Amino acid sequence: MLATAMLPAATRSIEGLLAGGAGAHVAADELQRLRRKLDDVASLAADAEAREGSDASARAWLRALREVLYELGDADADFRRAAAQPQEGRKSFRHWFMLPPNVNVIRYKTLRTSITSLNMKLDGILNKGSEFGLLSDTHETLNEISEFSGQVVPDDDTVGDIDSEKNKLIDRLTDRQSANGVVAILGASGMGKTTLAWKIHDDHRTRNAFSMIVWVNVFSDSDDIGLLSAIVTAAGGNPRGEKDRMKLEAILAAMLIGKRFLLVLDGLCGHHIFEHSLDAHWHVFGHGNRILITTQDESVVTKVKPAYIHQVKELTFQDCWSLLCRTAHHDESLHGNNLRNIGIMIIQKCNKIPMAIKIVGVVLRTKEQTKVAWQRVYESKGWSFRDLLDPLTGAIYLGYHDLPARLKQCLIYLSLFPEGSVIRQQFVGQLWVSEGFIEEQDSCNVEKTADEYYRELVSRKLMQPEIGNHDITRCTMHKQIRSFLQFFSKDEIFSGDLKPSINGTSIEGLRHVWLRSNDPATNLEEIVALSSLKTVILYKNPVGNHGLDKLFQGVKYLQVLDLGDTEIKYIPSTLEFLVHLRLLNLSLTRITELPESIECLRNLQFLGLRYCNWLHTLPKGIGKLQNLRSLDLRGTSLHQVLPTLENLKLLSTLHGFIVNCTPNREEDPSGWPLEDLNSLNALRSLQILKMERVSDGLRMQKAMLENKSHLKELELCCTTDDRQAEVREEDARTLKETFDHFSPPKCLNSLKMVSYYAKLCPDWLPHISNLQRLVITDCKFCEHLPDLGQLAQLKFLTIAGFSKLLTIEQEPTSAKQSFPKLEQLYLKDMQILESWTGFESGDMPSLVKFRLESCPKLRCLPSGIKYSKVLTSMHIYHADSLEAIEDLTVLKELVLQACDELMKISNLLLLEALIVMGCSRLEDVNGVHYLRHVRIEDRELRRSPEWLRSHASVLQTFTIVGTKELLERLLPNGEDWGIIRDINKVYANLPDESPFFTYTKDTADFHVDQRIMEHGRPPVAIADEIVQADLTTALGNSVEMTSRIGVPRVPVIRISTFKRVIRRYLVLYLVMVLIVMQVLSYWLQNKTTREIWLIQTLFIFFATVLLLFLVFLD
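Residues numbered from 1 in each chain as written. Predicted model: local features only at pLDDT ≥ 70, side-chain atom pairs only at ≥ 80, totals over all residues. Heavy atoms only, no water.

A look at the overall build of the protein chain
Stage number 1. Looking only at helices and strands, one finds 31 helices and 40 strands in the protein chain.
Stage number 2. For the protein chain, the residues scored as buried account for 52% of the 1114 residues in total.
Stage number 3. Considering only contacts within the protein chain whose residues lie at least 6 apart along the sequence, 60% involve residues at least 24 apart.
Stage number 4. Carbon and sulfur atoms provide 52% of the accessible area of the protein chain, an area that totals close to 49800 Å². (Helix = DSSP H or I, 4+ residues; strand = E, 2+ residues; numbered from the N terminus. Buried < 20%, exposed > 50% of the residue type's maximum accessible area, 1.4 Å probe, protein only. Contact = heavy atoms within 4.5 Å. Areas by Shrake-Rupley, 256 points an atom, 1.4 Å probe, with all protein chains shown as cover.)

Set out below in structure tokens:
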């Protein structure tokens, strides 16, 4: 890791040894000498790290220093490990006549030897530093001006002419006549290829054109087999570890055949493609399917011919300058254009790459808005880093170099995550704390500090939210940034399949590994050889128990062990040897118990036991883990709880806390007494189960949750019988009184209530002043909701499973808005809810998304929705009584499904996309002047809706999914042809999403799918009187009819398959049966009547089977 970041911890280790009395046994002057040398080396290390981007000798010097610091940490760990081991007196006969060995003498002697050796090594390192010309306190500092705000600024990816590029490529992908089945987006790293591809993927024109869209992130270390497996997985299949290319292609073909699909391969490289493997089975998939590739490897282009190549456009200087100003928070109207020239020079150093400009722009954001400050950034040595031969690395190094040392080591550690994997904020914070990267601060606990570090790295554009997700708690890292970090950490950090050497480098010095092998034969004993490991992550590795015992005994410095979702079935008692372990994850495993020896893990801080379905009890030893910060039992059904939690004062996350029935633990060991929470004042996230067991409100008060000043997330869960139709009045009243005794802390910002069965909600619910997220679900006996509009900070609200709730009345307030900050509203499974009224103008001004599901009695939408100024998306499913959707003047996307009574949509002035599934009574759609995209799915619809006719001229795309009879009416000169003839693009699919026909107005191209023609070509008679456009109707492989479309309609001739079969085969069948029966009667005249009957019956049976076989073939 980073040497300067490791030095403070090393100094603390020495001070701890001195304070702990080690100086009395180990020469104190040796320890003091070591501390002085660390001070000397610290001043040189800063200069070495400033040079490491361009000086290989500086990197080697730092590597040697880090090894010494690791050795110091190991020596300190060995000393403390020996001190922690209990010395048991011997009870043998020899014990009474021989003195036992002095264990303390041995460990002090070992420590003295280690300190002496470290002093000698540091002497050599200091001498080397002088030879290399390293100087004290002369290093360049970029981050000297101001502290970073840490505020995450939304990333505006609309730079340059990306929208016109997107439109051009969508036209290419949806052009049926295009000879290019593959479209490749080519450009350097950081140019915005993925952003452009995602915009194409997410556009309504694309989603209407293709019935199936598959997005695949292609990793650098994947081969062609890995790529095929990834495609199968992304398409919803399971490759089951299959390694045979032909079998994988067959699985993929079976999944995609009959579909019009788009396959997006993001980050493809030349070695991923094996002899046209992309189009080896193209003929199976059908016509109109497309592959979209993003790549910076020009060799890919030669391997996927014929392909359309789109070179990402370079930004203009004006676009670059605008992007730099946005990310640097530079306002030209306030500062003038005095920084423009130096800004243009910085842009040239960024090679006009958008990602580089964003990273450097954030660096400039931390500086004064002066020419001197910007000039210092322009002249930084960081631009000289070119070891990775990528134009992006100079800017990445500059962004990295600008970080404080505490953040540099946190960032470097993220190179442990496999390429493309999701980096979850909570897990990363736990890893950083476990590795000692987060220091304790008086005013802030370590979890909060870790969250701040994470947000700062996101804000600095060194991580970005997962593609398609704006939630920063799930991020990914650009592969070029990861490669840059691996360049500095490759000797210590590794992820992948463990081999004796990696790229010619020995693995003996590795300290942190993430093993991703899919081989069930993975041997844990191979890891034991790396005895200095501090991190071992085997998440989702198919490893089993073999070798686990040796791992526990051999890797004695281990601090992080993740065995989540492995095949582990039991944990051996040798777990006690991992005395330095700080994070242990056993989630999603099949373990049935934990050994009592877990009590020896006195340094353990994070214990993950999520969804361990076979684990039903906990050992008492967990109650002795006084450093434990997180105990996560979510989804694990404990039947007996043994450990007391009263002494776990540092616990900040506690999920799966099961309440027992009495304050006395011995009387009811099926849960914990609620009173145990009294002493846990560090809690930040808490989930309590079986709240119905608390029948006395005083027990709730004794838990003193209102005094938890750090509590941010709270989940209160009751247990009810799904078959229960009513609740006893007494039980409901008791639960209400119990909950009323709870006073939530003011700091609470997320609350979830599950299966609350009282008839009224707790009185305190609408008064949680800082609440931002509220989820109330499965409260099926609750008959009234309080005025939640008073929650001024609320951003996300979910109300679900209120079976008895008839109406929601919003109480009008003259002083305040209702729901002033609410952004997302989700209503679900309220069987008798009829209305939500009482809103006034100005309420819900911030609502962006609304989702309504399974509310069959709701007659109208919540009235406050129409007052939103930013509503963009609305999804409504199974609202059977809803008759109209009106006056949502800013709504842009509307999705409807199974709204049986819906008849009218009006005054949705800005609506762009309308998706209607199974709403067959919808007859009136008006006031939608900007409607551009429509999709209709209805298996009962018999004719196309007339309202389409009035919008046809402005529609860009129209997709209809229905029966063959419905789609045949849309064929040229069919009864409904006039409805769609003026729409720019029409896609007609059968109920299984297989294509029926496509139509493009601009090119007058009408194409009926070949498979439809194989089952009987519907003849089309075209009149020539009134010409509108040329039309090419593809009716098979060899039949092309160039025709003209006229107004007079000639009915389409339809001959069903059944009638054709009767006419073709039945007469022949009857004649053949009569003749053969006569012949058989003549030949069998000597047989008995029974034998004649049997033979004739068999003949008729086989003849009928033959007839059915012919029908099937036809």
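Topic: the environment of aspartate 787
Stage number 1. Within the secondary structure layout, aspartate 787 lies in the loop between β22 (773-777) and β23 (796-800).
Stage number 2. Separated by 21 residues in sequence, aspartate 787 and proline 766 have C-alpha atoms that sit 6.3 Å apart.
Stage number 3. Aside from chain neighbours lying at most four places away, what touches aspartate 787 is Pro766, Gln810 and Glu811.
Stage number 4. Here the side chain of aspartate 787 touches glutamine 810 through a polar contact of 2.3 Å, side chain to side chain. (Polar contact = N/O pair within 3.5 Å; in protein donor to acceptor, adjacent residues only side chain to side chain.)

Examining the nonpolar core
Stage number 1. Counting residues in hydrophobic clusters, the biggest one holds 160 residues, and the most contacted among them are Leu677 and Phe997.
Stage number 2. Look past the residues within four positions of phenylalanine 997 in its chain and what remains in contact with it is Arg260, Leu967, Leu970, Leu971, Ile980, Val986, Tyr987, Ala988, Phe1006, His1007, Val1008 and Asp1009.
Stage number 3. Counting 95 residues, the second-largest nonpolar core is a separate cluster that includes Tyr454, Val458, Phe487 and Ile493. (Core = buried A, V, L, I, M, F, W, Y, C linked by side-chain atoms within 4.5 Å.)

Considering helix α21 (residues 446-459)
Stage number 1. Across its 14 residues, α21 extends 20 Å between first and last C-alpha, which sits within 8% of the 20 Å expected from 1.5 Å per residue.
Stage number 2. By the criterion of burial, α21 is predominantly enclosed, with 11 of the 14 residues buried.
Stage number 3. Along α21, the positions that sit buried rather than exposed are Val446, Glu447, Thr449, Ala450, Asp451, Tyr453, Tyr454, Glu456, Leu457, Val458 and Ser459.
Stage number 4. Looking at the buried positions of α21, the neighbouring elements they touch are α16 (354-365), α19 (405-413), β6 (423-424), α20 (425-434), β8 (474-476) and β16 (606-608). (Expected span 1.5 Å × (residues − 1).)

Brief notes about the pairing of strand β35 (residues 957-961)
Stage number 1. Counting buried residues in β35 gives five out of five residues, a clear majority hidden from the surface.
Stage number 2. Residues Thr957, Thr959 and Val961 line one face of β35 and the alternating positions Phe958 and Ile960 line the opposite face, and both faces are buried.
Stage number 3. Of the strand pairs in this sheet, strand β34 (residues 933-937) and β35 are connected by five bridges, and their pairing is parallel. The residue bridging valine 934 from the neighbouring strand is phenylalanine 958, located in β35.
Stage number 4. Judged from the five bridges that link them, β35 and strand β36 (residues 985-989) form a sheet pairing that is parallel. Pairing of valine 961 across the sheet is with asparagine 989, part of β36. (Pairing = 2+ DSSP bridges.)

A look at the environment of serine 630
Stage number 1. Residue position: serine 630 is located in strand β17 (residues 630-632).
Stage number 2. With 23 residues separating them along the chain, serine 630 and threonine 653 place their C-alpha atoms 4.5 Å apart.
Stage number 3. Apart from residues no more than four positions distant in its own chain, serine 630 is found in contact with Gln430, Gln605, Phe606, Leu607, Leu651 and Thr653.

Quick word on the sheet that holds strand β1 (residues 182-186)
What links the strands of a sheet is backbone hydrogen bonding, and the strands pair in either a parallel or an antiparallel sense.
Stage number 1. An order of β2-β3-β4-β1-β5 is seen for the five strands of this open sheet, with the pairing classed as parallel. A single partner strand is all that each edge strand has here, and the edge strands are β2 (212-217) and β5 (307-311). Here the strands of the sheet are splayed against their neighbours by 15° on average, with no regard to which way each runs.
Stage number 2. One ladder, built from six bridges, connects β2 with strand β3 (residues 261-266); its direction is parallel. Paired with tryptophan 215 across the strands is valine 264, a residue of β3.
Stage number 3. The sheet strands contacting helix α6 (residues 162-174) are β1, β3, β4 (290-295) and β5, and the helix crosses β5 at an angle near 180°.
Stage number 4. Most of the contacts of helix α9 (residues 224-234) go to β2, to which it runs at about 135°, and overall it touches β2 and β3. (Axes fitted to C-alpha atoms, helices over the stretch in contact; angles between N-to-C directions.)

Looking at the packing of aromatic side chains
Stage number 1. Applying the stated criterion across every chain, the model contains 23 aromatic pairs.
Stage number 2. Ring plane angle 20° and centroid distance 4.7 Å describe the contact between phenylalanine 997 and phenylalanine 1006, whose orientation is recorded as stacked.
Stage number 3. A relative accessible area of 1% places phenylalanine 997 in the buried class.
Stage number 4. Among the aromatic residues, those joined into a ring-pair cluster are Tyr397, Tyr400, Phe484, Phe487 and Phe488.
Stage number 5. A cation over an aromatic ring shows up here: arginine 172 above the ring of tyrosine 308, its NZ or CZ 3.9 Å from the ring centre.
Stage number 6. In this structure, lysine 352 is placed above the aromatic ring of phenylalanine 317, and the distance from its NZ or CZ to the ring centre is 4.5 Å. (Phe/Tyr/Trp six-rings, centres within 6.5 Å; stacked < 30°, edge-to-face > 60°. Lys NZ or Arg CZ within 6 Å of the ring centre and 35° of its normal.)

Description of the pattern of salt bridges
Stage number 1. Here the structure, examined in full by the defined rule, presents 48 salt bridges.
Stage number 2. Its salt-bridge partner being glutamate 492, residue arginine 66 comes within 2.5 Å of it at the nearest N-O pair. Of the two residues, arginine 66 is situated in helix α4 (residues 56-84) and glutamate 492 in the loop between α22 (479-489) and β9 (493-496); the sequence distance between them amounts to 426 residues. Of the two residues, arginine 66 and glutamate 492, neither departs from the other in class, the shared state being buried. (Salt bridge = Lys/Arg side-chain N within 4 Å of Asp/Glu carboxyl O.)

What to know about the pairing of β1
Stage number 1. In terms of burial, β1 is largely enclosed, as five of its five residues are buried.
Stage number 2. Bridging between β1 and β5 involves five bridges; their strand directions are parallel. The residue bridging alanine 184 from the neighbouring strand is isoleucine 309, located in β5.
Stage number 3. Pairing analysis gives five bridges linking β1 to β4, with the strands arranged parallel. When the sheet's bridge partners are listed, valine 182 is paired in β4 with isoleucine 291.

Thoughts on the sheet that holds strand β29 (residues 884-886)
Stage number 1. A sheet is described by the order of its strands in space; here three strands give the open sequence β29-β31-β33, paired in parallel fashion. Edge positions in the sheet fall to β29 and β33 (924-926), since each has one partner strand and no second. Across this sheet, the average inter-strand angle for adjacent strands is 5°, counted without regard to direction.
Stage number 2. When β29 meets strand β31 (residues 904-906), the two strands line up parallel, connected through three bridges.

Concerning the environment of asparagine 989
Stage number 1. The residue asparagine 989 is located in strand β36 in this model.
Stage number 2. Counting along the chain gives 20 residues from asparagine 989 to aspartate 1009, while the straight-line C-alpha distance between them is 9.8 Å.
Stage number 3. Look past the residues within four positions of asparagine 989 in its chain and what remains in contact with it is Ser211, Arg260, Thr959, Ile960, Val961, Gly962, Leu967, Ser994, Pro995 and Phe996.
Stage number 4. A distance of 3.3 Å separates a polar atom in the side chain of asparagine 989 from a polar atom in the side chain of glutamate 993.

Section: the packing of helix α13 (residues 317-328) against α16
Stage number 1. Look at α13 against α16: their axes get within 7 Å of each other, and the N-to-C directions meet at 40°. Between α13 and α16, the crossing angle belongs to the class labelled oblique. Crossing of α13 over α16 shows right-handed handedness. Between α13 and α16, the residues in contact are Cys320, Leu323, Leu324, Thr327 and Ala328 and Pro354, Ile357, Lys358, Gly361, Val362, Leu364 and Arg365, respectively. (Parallel < 35°, antiparallel > 145°, perpendicular 65-115°, else oblique. Left-handed = near helix turned anticlockwise from the far one by under 90°.)

Observations concerning α9
Stage number 1. When we look at burial in α9, the residues that qualify are Asp224, Ile225, Leu227, Leu228, Ser229, Ile231 and Val232.
Stage number 2. Taken together, the buried residues of α9 touch β2, α10 (245-256) and β3.
Stage number 3. Immediately downstream of α9, the backbone of glycine 236 shows phi near 100°, a positive value.

Examining the packing of α20 against α21
Stage number 1. With their axes 9 Å apart at the nearest point, α20 and α21 run at an angle of 115° to one another. The handedness of the crossing between α20 and α21 comes out as right-handed. Contacts between α20 and α21 involve Gln425, Val428, Gly429, Trp432 and Val433 from the former and Val446, Ala450, Asp451, Tyr453, Tyr454, Arg455 and Leu457 from the latter.

Geometric descriptors of this kind do not, in isolation, establish any biological role.
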